[in-house]
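Single-letter residue listing:
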Amino acid sequence: IASIYVICGAFRLARFNCLAAMAGTGGGKYFTGFPIPAAAGMVASLTIFLIWLDEKADFRKGNWVYALPVILLFLSMMMVSQVKYPTFKKLDWRTQRPFVKTLIIVMFLGLLLVLWKNVLPVAAPLVFTAYLVYGFVRPSMSRQMQREIEADDEPDDPEGDSQREDTGVAR
């Protein structure tokens, strides 16, 4: 199962590099297939969650030990799927009040550090799962709602679904 996951990840990167080279654009708004870092984050966060659950709630594993392999197979399939996921590269981090925004971020990170052992094991899998589900829900949403969620100020480009991600690989 682990080798299937790695092979699907390699196919996803190969497809990404081919499409990025053919399109010749500087950065697309969408990934085709579930991004590898998000898939890895989901596997890691679910593993941490299961360990946390075992420690905190004396969780009986039972048939749950088969959940992670099934999730790995599902994520493998999603990496090579045609489902589109936003890249969030167009998020506007500039603001009229940079001090307030910086203060909020620092306070959030401080709170996360204080509540590290109680919040992260539950929050991280929820974030990755929400991103995974968003790829399925996105086609049924209105364009206006998609723009609000994805914070996209550019007009829709029906053929410009090219994908670019910074993988550190020279082209």
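Look above for the structure.
Reading the values: rules and limits
Residues numbered from 1 in each chain as written. Predicted model: local features only at pLDDT ≥ 70, side-chain atom pairs only at ≥ 80, totals over all residues. Heavy atoms only, no water. Helix = DSSP H or I, 4+ residues; strand = E, 2+ residues; numbered from the N terminus. Buried < 20%, exposed > 50% of the residue type's maximum accessible area, 1.4 Å probe, protein only. Areas by Shrake-Rupley, 256 points an atom, 1.4 Å probe, with all protein chains shown as cover. Expected span 1.5 Å × (residues − 1). Polar contact = N/O pair within 3.5 Å; in protein donor to acceptor, adjacent residues only side chain to side chain. Phe/Tyr/Trp six-rings, centres within 6.5 Å; stacked < 30°, edge-to-face > 60°. Patch = residues over 30% accessible without salt bridge, like charges linked within 9 Å, V, L, I, M, F, W, Y side chains within 5 Å. Salt bridge = Lys/Arg side-chain N within 4 Å of Asp/Glu carboxyl O.

J.: How would you sum up the overall build of the protein chain? Please name residues and give values.
T.: Across its full length, the protein chain holds 6 helices and 2 strands. What you see in the protein chain, going N to C, is helices and strands ordered as α-β-α-α-β-α-α-α. Per-residue burial over the protein chain gives 30% buried out of 171 residues. Approximately 11500 Å² of the protein chain is accessible, and the part contributed by carbon and sulfur atoms is 68%.

J.: Provide a residue-level description of helix α2 (residues 36-57), including the pertinent values.
T.: End to end, α2 covers 31 Å across 22 residues, agreeing with the expected 32 Å (1.5 Å per residue, within 8%). What α2 keeps buried is the set Ala38, Ala39, Gly41, Met42, Val43, Ser45, Leu46, Trp52 and Leu53.

J.: I'd love a proper account of the side chain of Arg138, names of residues and values included.
T.: Inspection of the secondary structure assignment puts Arg138 in the loop between α5 (116-137) and α6 (143-150). Its relative accessible area of 9% is what places Arg138 among the buried residues. Polar contacts involving the side chain of Arg138 include one to the side chain of Tyr30, which spans 2.7 Å.

J.: Residues and numbers for the packing of aromatic side chains, please.
T.: One pass over the full model with this rule turns up 5 aromatic pairs. Centre to centre, the rings of Phe34 and Tyr131 are 5.8 Å apart; their planes meet at 40°, and the pair counts as tilted. Pair noted here: Phe34 is in the loop between β1 (30-32) and α2 and Tyr131 is in helix α5, with a separation of 97 residues, a long-range link. The residues Phe34 and Tyr131 share a single accessibility class, namely buried. Of the aromatic side chains, those joined through ring pairs into one cluster are Phe34, Tyr85 and Tyr131.

J.: How would you summarise a nonpolar patch on the surface if you had to cite specific residues and measurements?
T.: A cluster of nonpolar side chains, namely Phe74, Met77, Val133, Phe136 and Val137, defines an oily patch on the protein surface of about 420 Å² accessible area. Those elements giving two or more residues to the nonpolar patch turn out to be α3 (67-79) and α5. Broken down by element, the residue count for the nonpolar patch peaks at 3 residues, all from α5. Following the sequence through the fold, Phe136 ends up in helix α5.

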